[in-house]
Amino acid sequence: MKLIRHARTRRFLPFAALLPAAALLSAGPVAASESGGGGGDAPGGGKPTVVLVHGAWADASGWNQVVRDLQAQGYPVVATANPLRSLSGDADHLATRLKTIKGPIVLVGHSYGGAVITNAAAGNPNVKSLVYIAAFAPDKGEATLQLAAKYPGSRLTDDPKAPVPTALDAVPLGGGPTDVDLYIKPDKFSDVFLSDRLPADRANALAVSQRPATAVTGSEPTEAVAWKTIPSWYLVATDDRTIGTDNLRFMAERAGSTTVEVDAPHAVLETDPEAVTDLILRAAHGSRPSLARTGAEQAAMLGGTAALAVAGGTVLVLHARRSRSRA
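Residues numbered from 1 in each chain as written. Predicted model: local features only at pLDDT ≥ 70, side-chain atom pairs only at ≥ 80, totals over all residues. Heavy atoms only, no water.

Sorry if this is basic, but what is going on with empty space enclosed by the protein here?
Space left empty within the atom packing is revealed by a probe, the size of a water molecule, rolled over the atoms. Scanning all chains against the criterion turns up 2 cavities of 30 Å³ or more. In this structure, the largest cavity spans a volume of roughly 170 Å³. In terms of lining residues, the largest cavity is bounded by 17 residues, among which Ala56, Trp57, Thr144, Leu145 and Gly218 are the most central. Mapped by element, the contributors of at least two residues to the lining of the largest cavity are helix 7 (144-148), strand 8 (213-214) and helix 10 (216-219). If you add up the space inside the second largest cavity, you get close to 30 Å³. Lining the second largest cavity, in full, are Val53, Thr80, Ala81, Asn82, Pro83, Asp90, His93, Leu94 and Val116. At 3 residues, the largest contribution of residues to the lining of the second largest cavity is made by helix 5 (residues 87-98). Considered class by class, the residues forming the lining of the second largest cavity number 5 nonpolar, 3 polar and 1 charged. (1 Å grid on protein atoms, 1.4 Å probe; cavity = no way out; pocket = protein on both sides within 12 Å on 5 of 7 lines; lining within 4 Å. Points joined across faces, edges and corners; volume = space filled by probe spheres on them. Helix = DSSP H or I, 4+ residues; strand = E, 2+ residues; numbered from the N terminus. Nonpolar A, V, L, I, M, F, W, Y, C, P; charged D, E, K, R; others polar.)

What follows is the structure, encoded as structure tokens:
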């Protein structure tokens, strides 16, 4: 995994280097937190709870290796079930679940799960970090299928005018024209979801056990946008054939996310779980207010840092002049 950019700089060690020794010492715990010791810990020494939200055509078992790795490092984890019935309903379901969790939360979404966390986290002060894993990060009014069609790369359809994306099967649930479940066609699953990165037997097993999403999950517009107020981290899969790699890059840059790129398919949870875990840990260690500020908070901190640097430099100059005058 390669760290490629910090679109909104959230770590302030380069600025701390400008401070005189006295200012660094006075910074105390903030400066010490840059060493990685206890970053992201909740008050009292606990770790934030990591909540994992799967997307369409998958289920919570896709997080299994990530869960084991996080638990091995002492993190409480919730791999929640995403109903995949509607964006508004799924977001409400998750928002209710989040309210039952005490303390800070690192909220992680894969694929369509990214749209769900974007809506569900808005207004929840316990959610300190958002992590998008090859995921949708929509703005207000945007739908997921709309975003997947913004730039080329998605193989969900080869006919933009088709009423149902051509890589999907529509299974009726009732009498309405949109009352259908959508599945990736079995013969398309390995290509579209996995970029043919897994052995055929494992890919086939995932294809037949996929959980469908209703049509409305791809067409319902986003109402709330948590990434505008909560720091975010983003994993771009460079061989994503479901959302499309260029669409992932667009959303990551727009959200100002700290972004990494991984040579992986859309289902990066299945092929590169260690890269997923690594990014989640980065977000967990950066979830404290001292390390994850946006907008006015960040500007104020940078301004304060600059003021300390100027003040410290002035003290040193005055001290030098007084020493020379005494000499």
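What is the right way to read the sheet that holds strand 7 (residues 180-184) from this model?
The strands that make up a sheet pair up through hydrogen bonds in the backbone, lying either parallel or antiparallel. Taken in spatial order, the 3 strands make up an open sheet running 6-7-8, and their pairing is antiparallel. Looking along the sheet, the strands with just one partner apiece sit at the ends: strand 6 (168-172) and strand 8. Here 5 bridges tie strand 6 to strand 7, and the two strands are oriented antiparallel to one another. Bridged to Val171 within strand 7 is Asp181. Sheet strands in contact with helix 8 (residues 186-194) are strand 6 and strand 7, and its direction is about 65° off that of strand 7. (Pairing = 2+ DSSP bridges. Contact = heavy atoms within 4.5 Å. Axes fitted to C-alpha atoms, helices over the stretch in contact; angles between N-to-C directions.)

Looking at this structure, how should I read the pattern of salt bridges?
Close approach of charged atoms allows side chains with opposite charge to pair. Evaluation of the coordinates by the stated rule reveals 14 salt bridges. A salt bridge links Asp139 to Lys228, with the shortest nitrogen-to-oxygen separation between them at 3.0 Å. Here Asp139 is found in the loop between strand 5 (127-133) and helix 7, whereas its partner Lys228 is found in the loop between helix 10 and strand 9 (232-237), with 89 residues between them in sequence. A relative accessible area of 46% places Lys228 in the partly exposed class. The salt bridge involving Lys140 is made with Glu223; its shortest N-O contact spans 3.6 Å. With Lys140 in the loop between strand 5 and helix 7 and Glu223 in the loop between helix 10 and strand 9, this residue pair connects regions lying 83 residues apart in the sequence. (Salt bridge = Lys/Arg side-chain N within 4 Å of Asp/Glu carboxyl O. Buried < 20%, exposed > 50% of the residue type's maximum accessible area, 1.4 Å probe, protein only.)

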